[in-house]
Structures are given as C-alpha cells and as structure tokens.
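# Chains, contacts and geometry: an overview
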Amino acid sequence: MGSKEFEVVNVNADELALSLVGWQIVDAQARIVTEPRGRNGCKQQVAFSGTFRFLPEDWTDRFKRSDGRSYASEVFLTLNRQGVPTHSGSYKWVVLEKIKDAENGVIRVSAQSDDWTCDAPLAATDIDLRLTAYDLDDVSDLYINSKLSLPTPVTTPLETSVVSETSLGAPCAKVAVAAAYVSKGDYKTTLTVHTEGTFEFGSVEDLLKGYRTQNDWDDHGSTVMDYAPFEVNVPQVRFEILDGTGFLLNDRTCSFYGYIPVDNLGNVPRRQPRWIGRRVFDVSDLPGDPYRVVVRVTDSIA
C-alpha cells in the first residue's frame, strides 16, 4: 500500500453570481487525492477547502425572506469531468448559514467527494470544479446526505420540453436551461434533470396584476400605491418523467418559496432573480425506462 499523492485542482468561481447574493471568496483550494490499490489501479477523491465572507450590504436585491432567522443564499460546489455535459455534474451546497450567523465573520468549510476506483488515475486537469450561487434554488441529490460524486463519462441525453401553465403574466419563469441525462455507473444508473433561468417580472403594473390574480382580487380601479408594499410569489417548476408510451413514471416539483417584492414607494428590484431547479432519480426505482422529460411551469401554491 503506497502513500497518498496530491495534485492541485483549479476551482472556477462565478464571483459575480456569488457577489449578487452577498458572498465573497476569501480562499478556495481543491486537490485530487490518489492512493494506490494493490498492484494495479488506485482510489481517488476530490477534496475542497474554502473560506467565505458574507457582505449583507452587497445583497441589495433579495427575493426570499431575509430576517436574521432566515438563511443566506447557499454556495454550491459542482463536480464534473472535463468534456462531459456541464449540467450532468454533481451539485452540493458547501455553505448554508443563517444570515445572523453569517454576518459574524468568515466561514471556513471543507468538503470531500465520494471516492472512486480506476485503473489509470485521473489528472487534476480532468476535473471540472466550480463555485456558484443563485437567488432562488431547489436542488436535491439522490439522498439528502449525498456527497459530491464524479459522474460517469458515459451520459445519454433525453428529449426535454418546457410547458408553461401559469395564470400570471408576471412573474414568469424564463427557462434558459432544461436538460436531462441518464448516467450509467458501475453500480447505479441515475437520471439527472437540471433547469436554470430567471424570473421575469416586467413593470410594477404587471406585478400588480399578478398580485391581484394570486389573491383573487378584481379591483381594477386601484393603483400600485393602493397596495404597496406587496409581494408576488414566483412560479414552481415540475419535472415529469415519461416512458416511450407517455406513461408518467415519476414527477417532482421544485418550489422556490421566493417572491418579487414591490416596496412602499412602488419600486421593483433592479434585476431579475436567477434560479436553479434540479433532481436526481435512481432509474432502478422507476416503473419503466425513462424516455423523455417535461418541465412544466405552474403557479405557486404558497
């Protein structure tokens, strides 16, 4: 049994996305750890070490509850292989802090991926490791305590379509990414559904119309200032997994619990909120073979 070897892995950070929700990277380092296994082959793992600072004054546009008992936006670490479709990688939050705690000083975190065995070790340049954040997210892996996992190099994309069924003109979900991949591993085959986009809200008058619709009010003679301040809930995104006959194998809903705020002067936020919705399924748990995915945008029930 030989000793472990370490090689530095580059961390690609979306500093703009992080800064929009108040996060600053003080330090971010990663390494790939290689340990020989017997005469042939090796075991490998990616390890991450990071230090972050939360700057609430930079989080000027907020689209979710933001009192001291609420949580700041999560910082996500994503792991993938170079050359494999980006959205088939593994996502995990590495920073999840209440606002009142995050404001107290720097936050130091570490994270490790699941290990994997291989005949020929991967080099650091084979790894794609990224840091990012969103205004609103609903991301879950196969299990609640899942670690980052290195995706298989073999992925099969599924047909994916987007259908909007919202009753509101604003806010509406602009879906920039809608992708689904089946990944066949040594022990498990998974289906990953990944969506990203923005919630577009238009003018304050558009939001007022949406607010009335959500609350079943038909008082069309009132103005924005009659209601301000008020909030309009953002839509939900539902994933429907279908087989080749159209049979619904499974469905999951991403609920973002966010809103577009209008302040007491009738002002709207200066930018559109970014969101991510993501689910991972164990294909063996499905009552059939997944063939296509429908991403359905629906009204919020909040």
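Every value quoted in this text rests on a predicted model; they were computed, and no experiment measured them. (Residues numbered from 1 in each chain as written. Predicted model: local features only at pLDDT ≥ 70, side-chain atom pairs only at ≥ 80, totals over all residues. Heavy atoms only, no water.)

Moving on, we come to the overall build of the chain. A tally of regular secondary structure across the chain gives 4 helices and 20 strands. In terms of C-alpha radius of gyration, the chain reaches 22 Å, essentially the compact-globule figure of 19 Å for 302 residues. Out of the 302 residues belonging to the chain, those deemed buried represent 48%. Taking all contacts inside the chain whose residues are at least 6 apart in sequence as the whole, residues at least 24 apart take part in 75%. Accessible surface, the chain as shown: approximately 15,200 Å² in total, 45% of it carbon and sulfur. Side-chain charges in the chain split into 31 positive and 43 negative, and the spacing between the mean points of these groups amounts to 5 Å. (Helix = DSSP H or I, 4+ residues; strand = E, 2+ residues; numbered from the N terminus. Rg over C-alpha atoms; globule rule 2.2 N^0.38 Å. Buried < 20%, exposed > 50% of the residue type's maximum accessible area, 1.4 Å probe, protein only. Contact = heavy atoms within 4.5 Å. Areas by Shrake-Rupley, 256 points an atom, 1.4 Å probe, with all protein chains shown as cover. Lys, Arg positive; Asp, Glu negative; His and termini not counted. Charge placed at Lys NZ, Arg CZ, Asp CG, Glu CD.)

Across the sheet, which stays open at both edges, the 4 strands sit in the order β2-β9-β5-β6 with mixed pairing between neighbours. In this open sheet, the two edge strands, each paired with only one partner strand, are β2 (11-13) and β6 (90-95). Direction aside, neighbouring strands of the sheet carry axes that sit 25° apart on average. Summarising the sheet, strand β5 (residues 75-81) and β6 pair through 5 bridges and their orientation is antiparallel. Of the residues in β6, the one forming a bridge with Leu79 is Ser90. (Pairing = 2+ DSSP bridges. Axes fitted to C-alpha atoms, helices over the stretch in contact; angles between N-to-C directions.)

Moving on to the nonpolar core. Leu191, Val193, Leu207, Phe230, Ile241 and Phe256 are the most contacted members of the largest nonpolar core, which has 36 residues in total. When residues of this core are assigned to their parent elements, the largest contribution, 4 residues, is made by helix α3 (residues 204-214). (Core = buried A, V, L, I, M, F, W, Y, C linked by side-chain atoms within 4.5 Å.)

This next bit is on the sheet that holds strand β17 (residues 248-254). Across the sheet, which stays open at both edges, the 4 strands sit in the order β12-β20-β16-β17 with mixed pairing between neighbours. Looking at strand neighbours, the two that pair on one side only are β12 (159-164) and β17, the edges of this open sheet. Averaged over all pairs of adjacent strands, the angle between their axes in this sheet comes to 20°, without regard to strand direction. In this structure, β12 lies alongside strand β20 (residues 292-298), joined through 6 bridges in parallel fashion. The residue of β20 that forms the bridge with Ser161 is Val294.

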